[in-house]
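In case you want the letters, here they are:
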Amino acid sequence: MAATACSYHSALVPSSHNANHHGRRHNALVNTTTKKGLAQTKYHKGAIKCAREFSDFVGGDLLKPDLGKWLADVEEHKAIAIYSPHEGGYEGRYLNRLRYQGYKFLDLSARGLGDPETTLTKLHPVCPAHIGKQPIARWYFPPEVDYRLSLLPPDAKGLVVWILEAKVLSKAELQFLALLPTLRPKVRVIAECGNWRKFVWTPLKDIAGLTANEAV
């Protein structure tokens, strides 16, 4: 069950559900300094405000009224940045919905991905670990996206490139991922760009800083 979000350091939690706020008294610890330079500790009374939603009582994993909008946004924007709860598991509901539509998946971690443009769309070298004793070798691998596209079955709708830990990517790398569906029309990009209290998403071009004309 989703945990109720609370604030322990302020009197009010920013929330659109003002009617569901429940508060209790709380003593906040504040360190101040006297005129003589001596440290002094004071306690100020405040209120803890908790924003509760219907999913806090039923379970957010059982509520999926936005799956239709999820599919529509993926088809419209083609590159999506997602923010899932820290406990995990919610993103699997949306992944399975894309799988039911006929998409195949390429899961990659942003850590160690290298240059996304080179790794995904070009012949790229990989140097295996030599452990200080073997000679330094260089192996060449085919483009990850193009290779997977060539292996898609005839009835597949397309390829979803699911990027884990995309929050470590630079702005330029996110911009390329936002443009990848334009270069490869059968590709959709889902990038895990952070965490939030519930599963939310936004077009990847918005957080990458691309204008509407550049993303087309």
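Above this text you will find the structure in question.
About the cut-offs
- Residues numbered from 1 in each chain as written.
- Predicted model: local features only at pLDDT ≥ 70, side-chain atom pairs only at ≥ 80, totals over all residues.
- Heavy atoms only, no water.
- Helix = DSSP H or I, 4+ residues; strand = E, 2+ residues; numbered from the N terminus.
- Buried < 20%, exposed > 50% of the residue type's maximum accessible area, 1.4 Å probe, protein only.
- Areas by Shrake-Rupley, 256 points an atom, 1.4 Å probe, with all protein chains shown as cover.
- Pairing = 2+ DSSP bridges.
- Axes fitted to C-alpha atoms, helices over the stretch in contact; angles between N-to-C directions.
- Contact = heavy atoms within 4.5 Å.
- Salt bridge = Lys/Arg side-chain N within 4 Å of Asp/Glu carboxyl O.
- Arc of directions from axis to C-beta.
- Patch = residues over 30% accessible without salt bridge, like charges linked within 9 Å, V, L, I, M, F, W, Y side chains within 5 Å.
- Phe/Tyr/Trp six-rings, centres within 6.5 Å; stacked < 30°, edge-to-face > 60°.

## Here's the deal with the overall build of the chain
- Counting secondary structure elements, the chain contains 8 helices and 10 strands.
- With 216 residues in all, the chain has 34% of them scored as buried.
- On the chain, roughly 13,500 Å² of surface is accessible, and the fraction owed to carbon and sulfur atoms is 55%.

## Quick look at the sheet that holds strand 10 (residues 200–203)
- A sheet is described by the order of its strands in space; here 5 strands give the open sequence 5-8-9-4-10, paired in mixed fashion. Where the open sheet ends on each side, the last strands, each with one partner, are strand 5 (103–109) and strand 10. Neighbouring strand axes in the sheet, compared pairwise and without regard to direction, differ in orientation by 25 degrees on average.
- Here 5 bridges tie strand 8 (residues 158–164) to strand 9 (residues 187–195), and the two strands are oriented parallel to one another. Paired with Ile163 across the strands is Ala191, a residue of strand 9.
- Where helix 6 (residues 171–183) meets the sheet, its contacts fall on strand 4 (79–84), strand 8 and strand 9, and the angle it forms with strand 9 comes to roughly 160 degrees.

## Details of the pattern of salt bridges
- Counted according to the given criterion, the structure contains 7 salt bridges.
- Overlapping salt bridges bring together Glu75, Lys157 and Arg188 as one network.

## With respect to helix 2 (residues 67–77)
- All of the buried residues in helix 2 are Leu67, Trp70, Leu71, Asp73 and Val74. Along helix 2, the residues classed as buried sweep out an arc of 165 degrees about the axis, all on the same side. Pointing more than 90 degrees away from the buried face of helix 2 are the exposed residues Lys69 and Glu76.
- Looking at the packing, one finds that the buried side of helix 2 touches strand 4, helix 3 (91–100), strand 9 and strand 10.
- Looking one or two places after helix 2, you find Lys78, whose phi comes out positive at around 70 degrees.

## Re a nonpolar patch on the surface
- A cluster of nonpolar side chains, contributed by Val126, Trp139 and Phe141, occupies part of the molecular surface with about 280 Å² of accessible area.
- In this structure Phe141 comes out as partly exposed when scored by relative accessible area, which is 33%.

## Quick notes on the environment of Trp139
- Here Trp139 lies in strand 7 (residues 139–141).
- Taking C-alpha positions, Trp139 is 5.4 Å from Pro125, a pair spaced 14 residues apart along the chain.
- Among all residues touching Trp139, those that are not within four sequence positions of it are His124, Pro125, Val126 and Pro128.

## Structural notes on the packing of aromatic side chains
- Applying the stated criterion across every chain yields a total of 7 aromatic pairs.
- Seen from their ring centres, Trp70 and Trp201 are 5.2 Å apart, and the 75 degrees between their planes marks the pair as edge-to-face. One end of the pair, Trp70, is in helix 2; the other, Trp201, is in strand 10, with 131 residues separating them in the sequence. Across the pair, Trp201 and Trp70 agree in class, each one buried.
- An aromatic cluster of three or more residues is present, and its members are Trp70, Tyr94, Phe199 and Trp201.

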